[in-house]
Amino acid sequence: MEKIRTRFAPSPTGYMHIGNLRTALYAYLIAKKHPDGSFILRIEDTDQQRLIEGATDIIFDTLKACGLNHDEGPDVGGDFGPYVQSERMKSGIYHKYAMELVEKGKAHICFCKEEDIQAQKEVAEARGESFIYIDPCKKLSKEEVEARIKAGEPYVIRQNIDPNGTTSFHDEVYGTISVDNSTLDEMILLKSDGYPTYNFANVIDDHLMAITDVVRGNEYLSSTPKYNLIYEAFGWDKPRYIHCPPVMKDEHHKLSKRNGDASFQDLVEKGYLPEAILNYIALLGWSPSEDREIYSLPELCQAFDVKRINTSGAIFDIEKLKWMNGVYLRDMPMDKYISLIKPYVSQSVKKDYPLTEIAAILKERANTLTEIPEMLDFLDELPDYDIDLFTNKKMKTTPEVAKKSLAAAKEVLSSLTAWNHDNIHDQLITLAQKMEIKNGMLLYPVRVALSGKAFTPGGAIELSLILGKDESLKRIDTALNKLG
């Protein structure tokens, strides 16, 4: 059977866009669904003007953080290297194959300036006319071409496309697609600086690296017929195509790093876990066959099926990601969770409070790591607050009710000799029963008195335990003074 080989071929132009990471994930899943499948990383840096220093390291770091370990690539090697296009260019392979197409009559040397062609296109569009560029250089004789090259005239190598007939291809997501050749522009294969265009280099490299399955965004659907004409010109087997729907910001706008939308790095900085991000983006455009949403990476490898990729765009819902991130945090072993939250707790808690007890209340309530400092900002110092905070319709409390509840709570808590969860719980619940009031009418005022906030990650009992006996009683006294 054919050995499956997929590739992720990003350009090092900045942070990892969510759509790019999903492409990497799908390529990884397709490869790893097969025991001997290979996932390859290739850096496509032919557009030298857009390169950003350090962006390649971001690609390496992101894949590592997500567990998308590549079998071949710039940092791990392999039998099909180099895995960076600018390094591959040194061998002259792109120029060699471009000139081979010229010899076959499938490409030609063009001396026209790209800006002049673009100007013609803009004029046509302003008139509402379709623009098909007919290159006058195609009429030059071989001798004229050679003379102009010898004279140092800059040139590009441009694809030849017969305007007659149609070109068809099959996509695993969108089915069979056919286009009229007359609508295809003759794309540049080799630029005047000697670098190949992305469109040409990815075809050459995919063939030379024996890539069997090409995963990319559906914006490349319109270019695929031109890629296939290159495959056909060389007599090469074409890969299987898996074009993915876009990740949308809303119904009308794509998620885009150019528009400042969140990258993978942005989401991690906002307190989201890499494994939760990866799980969530897997579901952006793909529907599992079973009714579940939480998947580990190995489980995704088994469940993933390209036939269940949708053709329509998927809207990125940050609230859904937040929920999923919370699930991952709550399912985390406590020792790992404590280690993870420690830096966030220390941002607002400088006093020596029990981290284990703090972790216990956070684990059930925090959905992102960056929520934690604000959730705990009352521990070191009680914030100033208004007595209106004691009014709560749901708990049926008022400042008058709170005053009675806090006075009674102070009395029973003061008598405790062993300050632990069970003792605090039993004393307060028994007190509510004796006062013949609902638990909330007692516990809510205590919680407000201890925190100075309407919403806290833990209840009155948990906060009392964390703050300790002396601080808890001190804060209840402060509340009673406020209440007169």
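Scroll up a little and you will see the structure.
Residues numbered from 1 in each chain as written. Predicted model: local features only at pLDDT ≥ 70, side-chain atom pairs only at ≥ 80, totals over all residues. Heavy atoms only, no water.

Talk me through the overall build of the chain; I want residue IDs and the actual numbers.
Within the chain one finds 20 helices and 11 strands. Its C-alpha radius of gyration of 32 Å places the chain more than 25% over the 23 Å reference for a compact globule of 484 residues. Along the first, second and third principal axes, the C-alpha atoms of the chain reach 105 × 55 × 40 Å. Taking the intrachain contacts of the chain between residues at least 6 apart in sequence as the baseline, contacts between residues at least 24 apart amount to 75%. With the model as given, the accessible surface of the chain reaches about 23,800 Å², and the carbon-plus-sulfur share is 49%. Computing the positive centroid from 59 side-chain charges and the negative centroid from 74, the chain places the two 2 Å apart. (Helix = DSSP H or I, 4+ residues; strand = E, 2+ residues; numbered from the N terminus. Rg over C-alpha atoms; globule rule 2.2 N^0.38 Å. Contact = heavy atoms within 4.5 Å. Areas by Shrake-Rupley, 256 points an atom, 1.4 Å probe, with all protein chains shown as cover. Lys, Arg positive; Asp, Glu negative; His and termini not counted. Charge placed at Lys NZ, Arg CZ, Asp CG, Glu CD.)

Hey, could you go over the pairing of strand 1 (residues 5–8) for me, with residue numbers and the actual values?
Alternating positions in strand 1 separate into two faces, Arg5 and Arg7 on one and Thr6 and Phe8 on the other, with burial throughout. As defined by bridge partners, strand 1 adjoins strand 2 (residues 38–41) across 4 bridges and the pair is classed as parallel. Paired with threonine 6 across the bridge in strand 2 is phenylalanine 39. Remark: the strand 1/helix 1 (residues 18–32)/strand 2 crossover connection has right-handed handedness. (Buried < 20%, exposed > 50% of the residue type's maximum accessible area, 1.4 Å probe, protein only. Pairing = 2+ DSSP bridges. Right-handed = clockwise from strand over helix to strand, strands pointing away.)

Please give an account of unusual backbone geometry that cites residues and values.
In this chain, glycine 81 is followed by proline 82 through a cis amide linkage whose omega measures 0 degrees. Among the structural elements, proline 82 can be located in the loop between helix 2 (55–66) and helix 3 (85–89). Positive phi values are uncommon outside glycine, yet alanine 210 reaches one of about 60 degrees. Secondary-structure assignment places alanine 210 in the loop between helix 7 (198–208) and strand 8 (213–217). A residue is classified by how much of its surface remains accessible, and alanine 210, at 33% relative accessible area, is partly exposed. The phi angle at glutamate 436 is positive, at roughly 55 degrees, despite the residue not being glycine. Of note, glutamate 436 is situated in the loop between helix 17 (421–435) and helix 18 (439–451).

Can you tell me about the pattern of salt bridges, naming the residues and giving the values?
A side chain with one charge can pair with a side chain of the opposite charge if their charged atoms come near. Under the criterion given, the structure shown has 25 salt bridges. The partner of aspartate 205 in a salt bridge is arginine 42, and the shortest N-O contact between them spans 3.9 Å. Residue aspartate 205 is located in helix 7, and its partner arginine 42 is located in the loop between strand 2 and helix 2; the two are separated by 163 residues in the primary sequence. Residues aspartate 205 and arginine 42 agree in their burial class; the two are buried. Among the ionic contacts, a cluster of salt bridges with common partners joins Arg7, Arg42, Glu44, Arg88, Asp205 and Asp206. (Salt bridge = Lys/Arg side-chain N within 4 Å of Asp/Glu carboxyl O.)

Would you mind going over the packing of aromatic side chains in detail, with residue names and values included?
Any pair of aromatic rings gets described here by the distance separating the centres and the angle formed by the planes. Tallied over the entire structure, the rule returns 13 aromatic pairs. Here the aromatic rings of tyrosine 97 and phenylalanine 234 are separated by 5.4 Å at their centres, their planes lie at 90 degrees, and the arrangement is edge-to-face. Of this pair, tyrosine 97 sits in helix 4 (residues 93–104) while phenylalanine 234 sits in helix 8 (residues 224–234); the two residues are 137 residues apart in sequence, bridging distant segments of the chain. Residue classification places tyrosine 97 among the buried positions, given a relative accessible area of 13%. Overall, the relative accessible area of 11% leaves phenylalanine 234 in the buried class. (Phe/Tyr/Trp six-rings, centres within 6.5 Å; stacked < 30°, edge-to-face > 60°.)

Can you break down the nonpolar core residue by residue, with the values?
Within the largest apolar cluster, 105 residues are counted, with the highest numbers of intra-cluster contacts made by Leu68 and Leu362. For this core, the element with the highest residue contribution is helix 1, accounting for 10 residues. Apart from residues no more than four positions distant in its own chain, leucine 362 is found in contact with Tyr337, Ile341, Val345, Ile372, Met375, Leu376 and Pro457. Residues Tyr94, Tyr97, Met187 and Tyr241 belong to the second largest nonpolar core, which totals 35 residues. (Core = buried A, V, L, I, M, F, W, Y, C linked by side-chain atoms within 4.5 Å.)

Could you give me a rundown of empty space enclosed by the protein, with the residues and numbers involved?
Enumeration according to the criterion identifies 1 cavity of 30 Å³ or more in this entry. Together, 11 residues line the largest cavity, and Ser11, Gly14, Tyr15, Met16 and Ile59 are the ones closest to its centre. Broken down by class, the residue content of the lining of the largest cavity amounts to 5 nonpolar, 5 polar and 1 charged. (1 Å grid on protein atoms, 1.4 Å probe; cavity = no way out; pocket = protein on both sides within 12 Å on 5 of 7 lines; lining within 4 Å. Points joined across faces, edges and corners; volume = space filled by probe spheres on them. Nonpolar A, V, L, I, M, F, W, Y, C, P; charged D, E, K, R; others polar.)

With reference to specific residues and values, describe helix 8.
Each α-helix turn comprises 3.6 residues. Residues three or four places apart therefore point the same way. In terms of burial, helix 8 is a largely internal element, 9 of the 11 residues being buried. Considered for burial, the residues of helix 8 that qualify are Thr224, Pro225, Lys226, Tyr227, Asn228, Ile230, Tyr231, Ala233 and Phe234. Positioned one or two residues after helix 8, glycine 235 has a phi angle of 75 degrees, which is positive.

Describe the sheet that holds strand 7 (residues 188–190), and please don't skip the residues or the numbers.
The antiparallel open sheet is built from 3 strands, whose spatial order is 3-4-7. The sheet is open, and its two borders are formed by strand 3 (107–110) and strand 7, each paired with just one other strand. Taken over all neighbouring pairs, the strand axes of this sheet differ in orientation by 40 degrees on average, direction set aside. As paired elements, strand 3 and strand 4 (residues 156–159) share 4 bridges and run antiparallel to each other. Across the sheet, residue alanine 107 finds its bridge partner in strand 4, namely glutamine 159. (Axes fitted to C-alpha atoms, helices over the stretch in contact; angles between N-to-C directions.)

Could you give an account of the state of the cysteines, naming the residues involved and the relevant values?
Here the structure, examined in full by the defined rule, presents 0 disulfides. No disulfide involves cysteine 66; its nearest neighbouring cysteine sulfur is the one of cysteine 301, lying 13 Å away. For cysteine 66, a relative accessible area of 7% gives the class buried. Free cysteine cysteine 137: the closest other cysteine sulfur is in cysteine 112, separated by 3.7 Å. (Disulfide = S-S within 2.5 Å.)

Honestly, it's all geometry; don't read function into it.
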